[in-house]
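Overview (structure and organization)
Listed below, chain by chain, are the residues.
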There are 2 protein chains.
Amino acid sequence: MNSEFIIAVHSLVLLAHRPDGMASSEEIAANVCTHPARIRKVLGCLRKAGFVSTREGSGGGYRICSEPSEVTLADVYRAMAAGSLMPSWCSGNPEMDCMVGSNMQDVMNSVFCGAERQLENYFAGITIGQMLTRIKERQMA
Amino acid sequence: MNSEFIIAVHSLVLLAHRPDGMASSEEIAANVCTHPARIRKVLGCLRKAGFVSTREGSGGGYRICSEPSEVTLADVYRAMAAGSLMPSWCSGNPEMDCMVGSNMQDVMNSVFCGAERQLENYFAGITIGQMLTRIKERQMA
DNA sequence: GATTACTGTAATAATATCAATTACAGTTGA
DNA sequence: TCAACTGTAATTGATATTATTACAGTAATC
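A brief look at the structure comes next.

**With respect to the overall build of chain A**
The number of helices and strands found in chain A is six helices and three strands. The N-to-C order of helical and strand elements in chain A reads α-β-α-α-β-β-α-α-α. Here the C-alpha radius of gyration of chain A, 19 Å, is well above what a compact globule of 141 residues would show, namely 14 Å. Among the 141 residues that make up chain A, the fraction classed as buried is 50%. Within chain A, contacts between residues separated by at least 24 positions form 64% of all contacts whose residues are at least 6 apart in sequence. Accessible area of chain A: about 6,500 Å², with a carbon and sulfur share of 46%. Each charge sign in chain A was given a centre, from 13 positive and 14 negative side chains, and these centres are 8 Å apart.

**Looking at the protein's contact with DNA strand D**
Around DNA strand D lies a shell of 22 residues, among which Thr34(A), His35(A), Arg38(A), Ser25(B) and Tyr62(B) are the nearest. In the model, a phosphate oxygen of DNA strand D is placed 3.1 Å from a nitrogen or oxygen of the Thr54(B) side chain. For DNA strand D, a base nitrogen lies 3.1 Å from a polar atom in the backbone of Ser58(B). Listed by contribution, the elements that provide at least two residues to the surface near DNA strand D are helix 3 (36–48) of chain A together with helix 3 (36–48), strand 2 (52–55) and strand 3 (61–64) of chain B. Per-element accounting of the surface near DNA strand D gives the leading share, three residues, to helix 3 of chain A. Looking at the surface near DNA strand D, its residues break down into three nonpolar, 12 polar and seven charged.

The rules behind the values
- Residues numbered from 1 in each chain as written.
- Chains lettered and ligands numbered in written order.
- Predicted model: local features only at pLDDT ≥ 70, side-chain atom pairs only at ≥ 80, totals over all residues.
- Heavy atoms only, no water.
- Helix = DSSP H or I, 4+ residues; strand = E, 2+ residues; numbered from the N terminus.
- Rg over C-alpha atoms; globule rule 2.2 N^0.38 Å.
- Buried < 20%, exposed > 50% of the residue type's maximum accessible area, 1.4 Å probe, protein only.
- Contact = heavy atoms within 4.5 Å.
- Areas by Shrake-Rupley, 256 points an atom, 1.4 Å probe, with all protein chains shown as cover.
- Lys, Arg positive; Asp, Glu negative; His and termini not counted.
- Charge placed at Lys NZ, Arg CZ, Asp CG, Glu CD.
- Near = heavy atom within 4 Å.
- Polar contact = N/O pair within 3.5 Å; in protein donor to acceptor, adjacent residues only side chain to side chain.
- Nonpolar A, V, L, I, M, F, W, Y, C, P; charged D, E, K, R; others polar.

And the structure:
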């Protein structure tokens, strides 16, 4: 799993929490605990996916332009980390003679595709708004 | 996700496919496409988890000592890769002032715990025996 | 129009993780 | 006693990840 997914979710939750829905890369970076350049990269993806709008220049920054209650973690996952469940390392080799060794990659692939669907299904049940609610609840406790 | 999980599953499927259920680390390594020492490490875990037995010395090696139809990928996952879904990199910081930044780690953690349960649930529906069947089917096609 | 405060993007450096390899002690069968 | 194994740790090499730097482009404001 990609840590950019975490950064994306965190950033969206932070923006959703802001009254005006806005923040600069520097503000977000301080909150997430990473470098502003990394935030700009991740939020560039979120912009392409339509979750935030950006304004360059003075007074600019990022603004959430989707309903926090309608954006799910599955949406963010698809935009940021699709396919990241399966390790890049592969066992076996389609060229080899043995039935097991030559077919394992394909079978493993289908297993992980299924796992990814399962995961997306779970993430589809959690919205950015709910994340913010959970945080507020935790803050109370 | 840990690639040792893949190696463990591949090794178990290979052993299940052998008439006598046995193979040496060298044979397994050749089939998996990795180094024998790595196989010994992974199968050492499977031994501790009770899925294989080992015999040292000449003529020794690994033998599957559980029913392929009863060992699920969830069992293997728990033995080899439990907790590996969540990235090690963390956003936010419990010490900080902001409600969002200070509670994000905990909330993200609970999200990934749920995801992991979901994943295990999916893996629980796939046995080593079924993996072998899938491979045989693919070989036919 | 100059200045200031931003984003976008790429390149580089630092660090961490992962896999391969080597080495060798211990075990067992022949 | 030799040969063929496992168990394990240390080292090296490769790869992936994150931080940092740099700078061009854009927009608001004075």
